[in-house]
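Geometric and topological summary
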Amino acid sequence: MESFLLNMQLLNEAFHSVYEHVTLFSDSDPARLEAVRLYQKDRPLLPSYLYLLRSDELEQMPSCLQGLSFLVSGRVESGQIPADCSLLIVQDETSIPELFNLAQDTFERYTRWNQELHTAMKSDHPLDAMLEASLKVFQNPIFIHDTNFYILSCPHRAPNMLVWDKDSRTGWNIVPLSLIHDFKVDPEYLSTLTTTEACVYSAEQRGYPILYMNLWNNGRYEGRICVDELETLILPGQHLLITHLAKLILQTMQNNSLFHLNMGNDIEQFFREYLDGDIQDQSIVMKMLQFLDWKRDDHYLCLRLETGRQNIRMLSSAATLGHIETQIPEGHAFMHNNGITVLVNLTYSHTRISDVLSSLAILLREGLLKMGASSEIYDFLLLSQGYYQARTALELGKKSGSMNWCCRFDDYLLEYLLSQGGEHLSPELLCSNKLLILKQYDEKNKTDLYHTLQVYLDLERNVLQTAKALFIHRSTLFYRLERIQKLADIDYENTKERLVLQLSFQILEQRIV
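Per chain, residues are indexed from 1 in the order of the written sequence. Since the coordinates come from a predicted model, pLDDT governs what is reported: local features require at least 70, and pairs of side-chain atoms require 80 or more to be given and counted, while whole-chain, interface and lining totals use all residues. For the side-chain quantities, the full set of heavy atoms in the structure was used; hydrogens and water were omitted.

Overview of the overall build of the protein
The way it works is that DSSP assigns letters per residue, a run of H or I at least four long becomes a helix, a run of E at least two long becomes a strand, and they are numbered from the N terminus. Helix and strand content of the protein: 22 helices and 17 strands. For 513 residues, the compact-globule estimate of 2.2 N^0.38 gives 24 Å, and the protein exceeds it by more than 25% at 34 Å. Principal-axis analysis of the C-alpha atoms places the extent of the protein at approximately 115 × 50 × 40 Å. Partly exposed residues are those whose accessible area sits between 20% and 50% of the maximum for their type, while under 20% is buried and over 50% is exposed, using a 1.4 Å probe and protein chains only. When each of the 513 residues of the protein is scored for burial, the buried share is 50%. For the protein, restricting intrachain contacts to residue pairs at least 6 apart in sequence, the fraction spanning at least 24 positions comes to 59%. The method behind every accessible area is Shrake-Rupley, applied with a 1.4 Å probe, and residues are considered shielded solely by the protein chains displayed. Carbon and sulfur atoms provide 51% of the accessible area of the protein, an area that totals close to 25,800 Å². Positive charges are assigned to Lys and Arg, negative charges to Asp and Glu, while His and the chain termini are left out of the count. Charge positions come from single atoms, namely NZ of Lys, CZ of Arg, CG of Asp or CD of Glu. Side-chain charges of the protein comprise 45 positive and 66 negative groups, with the mean position of each set lying 10 Å from the other. Each radius of gyration is computed over the set of C-alpha atoms, and the globule rule expresses the reference value as 2.2 Å times the number of residues to the power 0.38. The contact definition used throughout considers only heavy atoms, calling two residues in contact when any of these lie within 4.5 Å.

This is the structure we're talking about:
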């Protein structure tokens, strides 16, 4: 069993709860203390113990005390305080046995807590059991939520505590959607997605401070432990407590005891293999859908995010992935083929594609990212094709030189169809020969028949608008159209021929690009 080592701050808080005049002097305060001992002059001193002594014994201390910790009874003058060590001074009238017993009780209290945590790790519901055991040390409501704000455990509630919503499909408690939306635009909250240490979230958003610790599983943001300051004040020593609790929760995840959290990496691996075509067994797919509580005929969206090589560190950071999942309800973001792939269940989250895309606008702009977006997918078994759509749209957007940060496949459908047709035939052989006749005639005679026909068809054969766009008189336009008809044998009334001509213009324009 992994032990829990105290720091001087935890002992300082324990003594402050009993005595009035307690002072802590410490330049650094690592967690290294495992027990209390009475100071004896001739015995060697170890950094893992808290040594109890009277203030008059300070004068007998050796010259080198670096890394040592002392509990001192009585008044200590500033000139008596040794350097390079930690001192907890109790100036109240009390006896050495009383101080020793309080220190010993404090060590035993946290030893019992640590033992209860390890026992809870092996229970059927480890999260609930671990948080239940932690209530007496935090003395405030404590809960855990995952990346999608589902409440994984909350064994105790207090007045004025946030009331969870109930997800209609899973039955799980979840942070209210209105608050999730507030988080999306709160700079303080967004900054918390990068923290790796225990921190306090200010009272500005919720009306009370929240001590929190992010759960990072192999660099992957999996969720957060939160302690609401609703019943007692959050104390500095609790930063060490929540850090230890988070460490044991992560160990439990890695030991496959938390089915909900530790599925995170398995889900990512499944998505990678499925999108790359490495999973053909439909039963595996349906089993994963069942775990996700998704339906095959739900509506899905696939996104592909990429950046320049110089920004790959930002792209691959857990903070970026966590931010994306925070912005998109029921979205899974993961590193995939040197970029980020995002899969969104639109049905589950009751979200429109436009809302999903706009929610990532700031991230894409500030991160100099470009994104490809698939069409709306109506069958999970077609999701790999949606991934292909997203990648294709992104590539076509880059090729076109578009400055848009988002390239939707629906907007590049024509370019895609034309590019597929041009894989085996050159543009000249794929387009209508009638346009080539006009181009050759224009080059030889310095005319503008090719462009005239293009504008005429683009404006749906509107004579007035075409003449205005070309800055020519109507009679000049009629003359050109008649000349075009005779040279290339074009039938302006034939719907199919007009479509072929317009596609041919697109093909030749692509060749120019």
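Points about the packing of aromatic side chains
When two rings of Phe, Tyr or Trp (its six-membered ring) have centres within 6.5 Å they constitute a pair, described as stacked for plane angles under 30 degrees, edge-to-face for angles over 60, and tilted for the intermediate range. Counted according to the given criterion, the structure contains 24 aromatic pairs. When the ring of F149 is compared with that of Y189, the centres are 6.2 Å apart and the planes differ by 35°; the resulting orientation is tilted. With F149 in the loop between strand 6 (142–146) and strand 7 (151–153) and Y189 in helix 5 (residues 187–192), this residue pair connects regions lying 40 residues apart in the sequence. For the pair F149 and Y189, one class covers both residues: buried. Taken together through their ring pairs, the aromatic side chains of F270, F271, Y274, W294, Y300, F334 and F380 make up a single cluster. Above the plane of the ring of Y212 lies R224, whose end atom (NZ or CZ) is 4.5 Å from the centre. Lysine and arginine charges are scored as sitting over a ring when NZ or CZ, respectively, is within 6 Å of the ring centre and within 35 degrees of the ring normal. Above the plane of the ring of Y450 lies K439, whose end atom (NZ or CZ) is 4.4 Å from the centre.

Side note on the confidence of the model for the protein
Known as pLDDT, the predictor's per-residue confidence is scaled from 0 to 100. Looking at the protein, the pLDDT average stands at 87 and 93% of residues meet or exceed 70. Taken together, the stretch residues 257–264 has pLDDT below 50 and engages in 23 contacts with residues farther than four places along the chain or on a different chain. Here residues 310–316 is a poorly scored stretch, pLDDT under 50, and it has 17 contacts once near neighbours within four places are set aside; other chains count.

Describing helix 21 (residues 474–488)
For a helix, the expected span equals 1.5 Å multiplied by the residue count minus one. The end-to-end C-alpha distance of helix 21, which contains 15 residues, comes to 21 Å, matching closely the 21 Å that a straight helix rising 1.5 Å per residue would cover. Every buried residue of helix 21 is listed here: L477, R480, L481, I484 and A488. Projection of helix 21 onto a plane perpendicular to its axis shows the buried side chains occupying an angular sector of 100°, all on one side. In helix 21, those exposed residues whose orientation departs by more than 90 degrees from the buried face are Y479 and K486. Starting at the helix axis, one direction is taken to each C-beta atom, and the arc is that of these directions.

Focus on the sheet that holds strand 3 (residues 49–54)
Only strands joined by at least two bridges in the DSSP assignment are considered to pair. Taken in spatial order, the five strands of this open sheet run 1-5-4-3-2, and their pairing is mixed. Either end of the sheet is taken by a strand with one partner, and the two such strands are strand 1 (22–25) and strand 2 (35–38). Averaged over all adjacent pairs, the angle separating strand axes in this sheet is 20°, with direction ignored. Relative to strand 3, strand 2 runs parallel, the two sharing four bridges. Paired with V36 across the bridge in strand 3 is L50. Lines are fitted to the C-alpha atoms to define the axes, a helix being fitted only along its stretch in contact, and any angle between axes, read from their N-to-C directions, falls within 0 to 180 degrees. Each of strand 1, strand 3, strand 4 (69–73) and strand 5 (86–90) is contacted by helix 1 (residues 8–16), which is oriented at about 5° to strand 5, the strand it contacts most. The sheet strands contacting helix 2 (residues 96–121) are strand 2, strand 3, strand 4 and strand 5, and the helix crosses strand 2 at an angle near 160°.

Brief notes about the sheet that holds strand 15 (residues 340–345)
Across the sheet, five strands lie side by side as 14-15-13-16-17; this open sheet has mixed pairing. A single partner strand is all that each edge strand has here, and the edge strands are strand 14 (331–335) and strand 17 (406–408). With direction set aside, neighbouring strand axes in the sheet form an average angle of 20°. With four bridges joining them, strand 13 (residues 300–306) and strand 16 (residues 370–373) adopt antiparallel strand pairing. Within the sheet, the bridge partner assigned to L305 lies in strand 16 and is M371. Contacting strand 13, strand 15, strand 16 and strand 17, helix 15 (residues 383–400) crosses the sheet at an angle of about 40° to strand 13.

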